[in-house]
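# Observations on the three-dimensional arrangement
So you can see what is in the structure, the chains are spelled out below.
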Amino acid sequence: MKKAFLFLSLAGASAAASAAESNGIGYSYVQLDYIYNDSLYNDYKGPGLTGSIELGNGFFATGDYSSQKINHFGGHNDITEWSLGGGFAKALGANLDWVTQAAYVEKDAHLSVGAARVTEDVAGFRVSSGMRGRIAPKLIGHAYLGYQDLGNVSTGLGSARLDGDVYGDLGMEYQFTDRWAATGTVTLSEGITEYGTGLRLTF
């Protein structure tokens, strides 16, 4: 699976390399989200903040932070995640870009029941590649295929190796003004579906 994803990323990058520079769809923004995470055993929800800034020549830097929680069994679980990374966009046409991104990711989970508290920490990377384009004058969509590997999970009881996951990232942005847009995303991976809705300010 890792080899298949690497081949797809290289093929996409090769196709994009022969195209013009990013066509002005825009990669500088800040976005506030509400996230609902539907996992195999529990459903988590909470706020998220995402940002991106164009660096020139198709390159951009990205960062995000989210905090989700669930209350159950007389206690609560918290999951916080942050990432820093960057990407590159190349135009495939007047209204379509090929986008490749990579980021360092850290995720911390905390379970509290009474006075007891258990922490699990993981860190690793994610990469994705796919298309982002203007579907209508005020509507932009994207479809990315990604791979995430968070390495070892570390707890008070020791550590264990986590398997990497392939995921799909689908999203829409409706621009109701030149700077403001409403957004919706769905991220699909093994055993987890994450939904997000947000408000984006483009600059």
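This section reports on the structure supplied with the text.

It is worth spelling out the overall build of the protein chain at this point. Within the protein chain, the regular secondary structure consists of 1 helix and 12 strands. Looking at the protein chain as a whole, 36% of its 203 residues are labelled buried. Excluding contacts between residues fewer than 6 apart, the proportion of contacts in the protein chain whose partners are at least 24 apart in sequence is 51%. Here the protein chain displays about 11,300 Å² of accessible surface, and carbon together with sulfur accounts for 63% of that area.

On to the packing of aromatic side chains, then. Scanning all chains against the criterion turns up 5 aromatic pairs. An angle of 15 degrees between the planes, with centres 4.9 Å apart, marks the rings of Tyr-27 and Phe-60 as stacked. Here Phe-60 lies in strand β3 (residues 59-72) and Tyr-27 lies in the loop between α1 (2-17) and β1 (29-38), a separation of 33 residues in the sequence. Here the aromatic rings of Phe-59 and Phe-88 are separated by 4.5 Å at their centres, their planes lie at 40 degrees, and the arrangement is tilted.

The subject of this paragraph is the pattern of salt bridges. Per the stated rule, a full pass over the model turns up 6 salt bridges. With its nearest N and O atoms 2.8 Å apart, the salt bridge here joins Arg-126 to Asp-64. Taken together, the positions of Arg-126 in strand β6 (residues 116-136) and Asp-64 in strand β3 put the pair 62 residues apart, joining distant regions of the chain. The class of Arg-126 is buried, set by a relative accessible area of 18%. The partner of Glu-81 in a salt bridge is Lys-107, with the nearest N and O atoms 3.3 Å apart.

With that settled, consider a nonpolar patch on the surface. Taken together, the side chains of Val-30, Leu-32, Leu-49, Ile-53, Leu-55, Phe-59 and Phe-203 make up a nonpolar region of the molecular surface, amounting to roughly 690 Å² of accessible area. Contributing elements (two or more residues each) for the nonpolar patch: β1 and β2 (43-56). Ranked by residues supplied to the nonpolar patch, first place goes to β2 with 3 residues. Mapped onto the elements, Leu-55 comes out in strand β2.

To continue, consider the side chain of Gln-68. Here Gln-68 is to be found in strand β3. Beyond its immediate sequence surroundings of up to four residues, Gln-68 is in contact with Ile-35, Asn-37, Tyr-44, Lys-45, Gly-46, Asn-77, Asp-78, Ile-79 and Glu-194.

The backbone of Asn-57 sits at a positive phi, close to 55 degrees, despite the residue not being glycine. You can see Asn-57 is positioned in the loop between β2 and β3.

How each quantity is defined
- Residues numbered from 1 in each chain as written.
- Predicted model: local features only at pLDDT ≥ 70, side-chain atom pairs only at ≥ 80, totals over all residues.
- Heavy atoms only, no water.
- Helix = DSSP H or I, 4+ residues; strand = E, 2+ residues; numbered from the N terminus.
- Buried < 20%, exposed > 50% of the residue type's maximum accessible area, 1.4 Å probe, protein only.
- Contact = heavy atoms within 4.5 Å.
- Areas by Shrake-Rupley, 256 points an atom, 1.4 Å probe, with all protein chains shown as cover.
- Phe/Tyr/Trp six-rings, centres within 6.5 Å; stacked < 30°, edge-to-face > 60°.
- Salt bridge = Lys/Arg side-chain N within 4 Å of Asp/Glu carboxyl O.
- Patch = residues over 30% accessible without salt bridge, like charges linked within 9 Å, V, L, I, M, F, W, Y side chains within 5 Å.

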